[in-house]
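Observations on the model geometry
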Amino acid sequence: MITKPFSNTKVSIVAVAVVILILLTGYLGNSPSEGPTDRIELSPTEMSERANELFRSFGYRDRPAERWSEYRYEHTLDGSHRLFYLERQSLDHFPTVIDGRSIVADSELRPGERRIAFDSKGRMVEFAVRFPKTYDSSELPNKFDWSTAFTAAGLDLAAFTAIDPAWTPISPADEYLAWTGKLPDLPDASVRIEGSTFRGQMTNFKIVFPWIEPEQERPPAPTTKDRLLISLSLVAIAVFIFLVARRVWSQFGGQDSNVRSQLMLALVTFVTVFIGQVASTPQVPAFGPITERTLHAAIISLAAAAIVWTLFAVAASVLSQKSRELLTSWNSVVSGALFTRSIGNDSLIGLLGGSFIGLSIFTGNSNSNAAHQLGSVSGLILSPFGTTILDIGWAIVAATFAFFLFSILCVVVREPRLAGILMLVLLIVFGWLAIVPNEGDLRTVVAAAVGVSFVVSRFGLLSTILTFVTAKLVINGSLMLGLYSSSTIAVAISCVVITILLVFGVLLSLRGNSDRLSDSDQRAAI
């Protein structure tokens, strides 16, 4: 957006505000009372080494061809969270599938595969092995010593009482057992432990915590909120398809065929998502798995780029002449005019908006649930570089969608400021329907909606992208500080990117070139 240059005082205030908000977010993310309630004591490498040690001690000495690991949060009865490390091993390479936006190993445990889980202190909480389809019947089975499994879990078998088993193990077995008792760190709640063996080897061990419920065979009945959210989503999809069709028709029938802005945004999205997918997906030195996973990454990245291209193309085509100033900064970037004051202003505003949203997440009632809700903790721990780059790519997609939504509302109400207010209301409603029922905090939703609506309606596409990217970087860095209490690659990347943007924005806002593009450059960029 073409704006007046920020005064020295205003630049200083914005820069200081950004630093303060980021420092507060990092402090809250690193505070035991405010951040995640469970912290990592062993690194992923140490967890994996412990997994190998236990597999060998229980008689599974075959060297795995591939490992696949992740971290998970689970809700406890008192509202806190517990962090668990899960590792799967296979004697062959895992077949992978596309699960939404991610590449994951096939969920089914196949013959010859094994799985183990630890809590944040490295104590075993789950063990499962799928025996191969054939075995040597000439070998006489031995009696398994269950005290070894309890020792691996940090428990004393003598403190538990034998009961009838009730959970079906993942692998066939010839002996099923179960116990009940209390854990040292959960003295007020009883847990049950299910175990099984096959021919003298443990095939299943699972601590069933009080908050764990068996998977339901049928989904719960839909609520009124579910029906309302589905209805609104269907209407939004119908409107989107109509606008896409309209854009395609006008594109082929009109003379304006220069799509450099759309192409640049789609290209940036494709590169960040693709690099992030490849870098965050386990790779093995085998042609088949590498080809399969690279193809999956390309499919996801192309889909993200196509969505961004379409959203931006529709938004640019429906914006009125009065609102086209919201594209000025992005068009300057596409045209190579990077060192302008409007880009400096938008950089500072993007940093301010993103740090404000990040801080809002860590100051709501559900701040201890932030890591669980974001769902990116596992990748940040196991693949901090790849996941950080991937998060930047998805932040660009989300920012483009926000700008698209604002442009559609501008068509409806024909006034940018009124469209910004209407967008604020819609974001709060959708947030209330989708997030709050899942233990989200309405105040956090409102704060994030205010930040996004203000930036997108007043400063345009570039500021919106930087707002979403900054928010994701600030949140990721704070989560890592809360989990490790020390610097990690994710924290380093976040600090470097934010510092560069801050210095860049301050210098350009004070000493940048003229903001206005020539008419020919404007037409070429749109």
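Residues numbered from 1 in each chain as written. Predicted model: local features only at pLDDT ≥ 70, side-chain atom pairs only at ≥ 80, totals over all residues. Heavy atoms only, no water.

With that settled, the discussion passes to the sheet that holds strand 9 (residues 186-198). The strand order across the open sheet formed by eight strands is 1-2-5-6-10-9-8-7, and the pairing between neighbours is antiparallel. Of all strands in the sheet, those with a lone pairing partner are strand 1 (66-75) and strand 7 (161-163), marking the two edges. Strand after strand, the sheet turns through a mean of 25° between neighbouring axes, direction not considered. Pairing of strand 1 with strand 2 (residues 81-90), which is carried by ten bridges, proceeds in the antiparallel orientation. Opposite Tyr73, over in strand 2, you have Leu83 as the bridge partner. (Pairing = 2+ DSSP bridges. Helix = DSSP H or I, 4+ residues; strand = E, 2+ residues; numbered from the N terminus. Axes fitted to C-alpha atoms, helices over the stretch in contact; angles between N-to-C directions.)

This part covers empty space enclosed by the protein. Applying the stated rule across the entire model yields one cavity of 30 Å³ or more. Each pocket or cavity is described by its volume, and for the largest cavity that value is around 80 Å³. Considering the residues around the largest cavity, the lining is formed by Arg82, Asp119, Arg123, Met124, Val125, Ala153, Leu155, Leu183, Pro184, Asp185, Ile207 and Phe209. Residue composition of the lining of the largest cavity, by class: eight nonpolar, no polar and four charged. (1 Å grid on protein atoms, 1.4 Å probe; cavity = no way out; pocket = protein on both sides within 12 Å on 5 of 7 lines; lining within 4 Å. Points joined across faces, edges and corners; volume = space filled by probe spheres on them. Nonpolar A, V, L, I, M, F, W, Y, C, P; charged D, E, K, R; others polar.)

Structurally, the position occupied by Ala490 is in helix 15 (residues 489-511). For Ala490, a relative accessible area of 0% corresponds to the buried category. Put simply, Ala490 and Val474 are 16 residues apart on the chain and 9.8 Å apart in space, counted from C-alpha to C-alpha. (Buried < 20%, exposed > 50% of the residue type's maximum accessible area, 1.4 Å probe, protein only.)

Detailed reading of predicted coordinates is not advised where the pLDDT is low. With 84% of its residues at a pLDDT of at least 70, the chain reaches an overall mean of 82. Predicted confidence is poor over residues 365-374, with pLDDT under 50, and the contacts of this stretch with residues over four places away or in other chains come to 33 contacts. (pLDDT = per-residue confidence, 0-100. Contact = heavy atoms within 4.5 Å.)

Another point: the pairing of strand 9. Alignment of strand 8 (residues 175-183) against strand 9, held across nine bridges, turns out to be antiparallel. From the neighbouring strand, Thr180 faces strand 9, where its bridge partner is Arg192. Counting the residues that bridge the hairpin from strand 8 to strand 9 gives two residues. Two strands pair when backbone bridges link them, and strand 9 and strand 10 (residues 201-208) are joined in this way by seven bridges, in the antiparallel orientation. In the sheet register, Phe198 faces strand 10, and the bridge partner there is Gln201. Taking the residues that link successive antiparallel strands as the turn, the strand 9-strand 10 hairpin has two residues, and the phi of Arg199 there is positive, at about 55°.

This part is about the packing of helix 7 (residues 328-335) against helix 8 (residues 341-361). Helix packing geometry: the angle between the two helix axes and the distance between the axes. With their axes 9 Å apart at the nearest point, helix 7 and helix 8 run at an angle of 120° to one another. The angle between helix 7 and helix 8 places the two elements in the oblique class. The hand of the helix 7/helix 8 crossing is left-handed. The residues of helix 8 that touch helix 7, namely those facing Ser329, Ser332 and Val333, are Ser342, Ile343 and Asp346. When its residues are assigned to classes, the contact of helix 7 with helix 8 shows two nonpolar, three polar and one charged. (Parallel < 35°, antiparallel > 145°, perpendicular 65-115°, else oblique. Left-handed = near helix turned anticlockwise from the far one by under 90°.)

A separate point is the packing of aromatic side chains. Ring pairs (aromatic) are described by centroid distance and by the angle formed between their planes. According to the stated counting rule, one finds 20 aromatic pairs in the structure shown. A centroid spacing of 6.0 Å and a plane angle of 45° characterise the contact between Tyr60 and Phe127, whose relative ring orientation is tilted. Placement of Tyr60 in the loop between helix 2 (44-57) and strand 1 and of Phe127 in strand 6 (residues 124-129) is noted, with a sequence separation of 67 residues between them. Judged by its relative accessible area of 0%, Phe127 falls in the buried class. (Phe/Tyr/Trp six-rings, centres within 6.5 Å; stacked < 30°, edge-to-face > 60°.)

Our next topic: the environment of Arg72. Relative to the assigned elements, Arg72 resides in strand 1. Considering only alpha carbons, one finds Arg72 and Asp119, 47 residues apart in sequence, at a separation of 9.7 Å. If we ignore the near neighbours within four places in the chain, the residues touching Arg72 are Arg82, Leu83, Phe84 and Leu86. One polar contact links Arg72 to Glu70, side chain to side chain, over a distance of 2.9 Å. (Polar contact = N/O pair within 3.5 Å; in protein donor to acceptor, adjacent residues only side chain to side chain.)

With that settled, the discussion passes to the pairing of strand 10. Remark: a regular strand shows side chains that alternate across the two faces of the sheet. Within strand 10, seven of the eight residues are buried, which leaves it mostly tucked inside the rest of the structure. Note that strand 6 and strand 10 share three bridges and pair antiparallel. Bridge pairing in strand 10 links Phe127 to Phe205.

So, about the nonpolar core. Leu265, Phe403, Met423 and Leu461 are the most contacted members of the largest nonpolar core, which has 57 residues in total. What Leu265 contacts, discounting residues up to four positions off in sequence, is Val308, Phe312, Trp330, Ile396, Thr400, Leu461 and Ile465. Phe118, Ile361, Ile381 and Leu483 belong to the second largest nonpolar core, which has 54 residues in total. (Core = buried A, V, L, I, M, F, W, Y, C linked by side-chain atoms within 4.5 Å.)

Our focus in this paragraph is a nonpolar patch on the surface. Nonpolar side chains collect at one region of the surface, where Leu228, Leu232, Leu418, Ile421, Val425, Val429 and Phe430 lie side by side and expose about 540 Å² of accessible area between them. Secondary structure elements with two or more residues in the nonpolar patch: helix 4 (224-253) and helix 12 (416-434). A total of five residues in the nonpolar patch trace back to one element, the largest contributor, which is helix 12. Positionally, Val429 belongs in helix 12. (Patch = residues over 30% accessible without salt bridge, like charges linked within 9 Å, V, L, I, M, F, W, Y side chains within 5 Å. Areas by Shrake-Rupley, 256 points an atom, 1.4 Å probe, with all protein chains shown as cover. Salt bridge = Lys/Arg side-chain N within 4 Å of Asp/Glu carboxyl O.)

Topologically, Asp106 is positioned in the loop between strand 4 (102-105) and strand 5 (114-119). What makes Asp106 buried here is its relative accessible area of 19%. Separated by twelve residues in sequence, Asp106 and Phe94 have C-alpha atoms that sit 7.0 Å apart. When sequence neighbours within four positions are dropped, the list of residues in contact with Asp106 reads Arg88, Pro95 and Thr96.

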